[in-house]
Amino acid sequence: MKHYFLSLFLFGFFLIFVSACAQKKQGKEVYLFTSFHEPANEGLRFLYSEDGVHWDSIPGIWLKPTLGKEKLMRDPSIAKGPDGTYHLVWTTSWKGDLGFGYASSKDLIHWSEQRMIPAMIHEPTAVNVWAPEIFYDDTEKEFIIVWASCIPGQFPAGEEEDNNNHRLYYLTTNDFQSFSETKLFFDPGFSVIDGVIVKRRNDYVLVFKDNTRPNRNLRVAFAQTPIGPFFNISEPFTEEFSEGPTVAKVKDDYLIYFDLYREKIYGAVKTRDFIRFKNITNEIQIPQGHKHGTIIKVPFSIVENLKHLKE
């Protein structure tokens, strides 16, 4: 009888332990990476990671694009608002569209109606609207959306042809119903695309692509506010043919992921100060075919729900 009660006690303890572990896992956050596959007409994909280094695919297409002349979904960028809503923006066409796509979701499964945000409608000669990146400014309680556009004749050509001479622009919103006037965000004196804002304790970092033909690599600049002005532009810290940066904070390090599009692989560097960078491309694991998006942290339950729907 004594052994029976001991076994019963141990079994009960085991159940409590398993339940506690499950609750702890459900309460934790994991990294989620928005993604697309070429030719970018299928829609939104996701990767996830528990450590920010080793990534797995979540099977399925979670939002099929319906907007723009080419109905593409490139460069999907996502941010979570203070009410728990996820806001997604993306490139809809290579050329010809004067805005970017937008949709929102509470669970990353059910999405709102897709809308075109007319970011450059005031510039009818604009060639494109590329790679909108969304950032939530928790100081001003608003979203900042930054993208690249080329307006022929607007800036000195420099290294680039007139129809490939990009600058970064931005607008703000707190409800995705009304928007600020579009303004110039960053003009470093050369063609620039793919701008990503990173908040640190006392300042902000802009990670961006120098899109001039001799370079086509990544640099950083620094500012006291998320809308700049950005100064102290660094030398390139990646090789040529790097684009689409996104940044994940992993413990005390910032991991900058980027698309090595000529090699058709993903690369990454690690930094703590955005001055010294260590190449960790050989340490990361990302499934083949993944193209650049944004890394955020989400509850583990969000990923579990996505995975279970495809099982």
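All values derive from a computational prediction rather than experimental measurement.

Asks: Quick one: what's the story with the overall build of the chain, residue by residue and with numbers?
Replies: Check the secondary structure of the chain and you find two helices and 19 strands. For 311 residues, the compact-globule estimate of 2.2 N^0.38 gives 19 Å, and the chain sits close to it at 21 Å. Summarising its shape, the C-alpha atoms of the chain cover approximately 90 × 45 × 40 Å along the three principal directions. Looking at the 311 residues of the chain, the share that counts as buried comes to 55%. Of all intrachain contacts in the chain linking residues separated by at least 6 positions in sequence, the fraction that spans at least 24 positions is 48%. On the chain, roughly 15,100 Å² of surface is accessible, and the fraction owed to carbon and sulfur atoms is 53%. Distance between charge centres in the chain, computed from 35 positive and 40 negative side chains, equals 6 Å.

Asks: Hey, could you go over unusual backbone geometry for me, with residue numbers and the actual values?
Replies: In this structure, Pro39 follows Glu38 across a cis peptide bond, with omega equal to 5°. Relative to the assigned elements, Pro39 resides in the loop between strand 1 (29-35) and strand 2 (45-49).

Asks: I'd like a rundown of the sheet that holds strand 6 (residues 100-105), residues and numbers included.
Replies: Strands sit in the order 4-5-6-7 across an open sheet of four strands; the sheet is antiparallel. Strands at the two margins of the open sheet, each flanked by one partner only, are strand 4 (74-80) and strand 7 (115-117). The average angle at which neighbouring strand axes cross in this sheet is 30°, direction not considered. As defined by bridge partners, strand 5 (residues 86-91) adjoins strand 6 across five bridges and the pair is classed as antiparallel. Bridge pairing links Val89 to Tyr102 in strand 6.

Asks: Report on the confidence of the model for the chain, specifying residues and quantitative values.
Replies: Caution is warranted with low-pLDDT regions, since their predicted coordinates should not be read in detail. Taken residue by residue, the chain gives an average pLDDT of 92. The fraction at 70 or more is 91%. The low-confidence segment residues 10-24, where pLDDT is below 50, has zero contacts with residues more than four positions distant or belonging to other chains.

Conventions we followed
- Residues numbered from 1 in each chain as written.
- Predicted model: local features only at pLDDT ≥ 70, side-chain atom pairs only at ≥ 80, totals over all residues.
- Heavy atoms only, no water.
- Helix = DSSP H or I, 4+ residues; strand = E, 2+ residues; numbered from the N terminus.
- Rg over C-alpha atoms; globule rule 2.2 N^0.38 Å.
- Buried < 20%, exposed > 50% of the residue type's maximum accessible area, 1.4 Å probe, protein only.
- Contact = heavy atoms within 4.5 Å.
- Areas by Shrake-Rupley, 256 points an atom, 1.4 Å probe, with all protein chains shown as cover.
- Lys, Arg positive; Asp, Glu negative; His and termini not counted.
- Charge placed at Lys NZ, Arg CZ, Asp CG, Glu CD.
- Pairing = 2+ DSSP bridges.
- Axes fitted to C-alpha atoms, helices over the stretch in contact; angles between N-to-C directions.
- pLDDT = per-residue confidence, 0-100.

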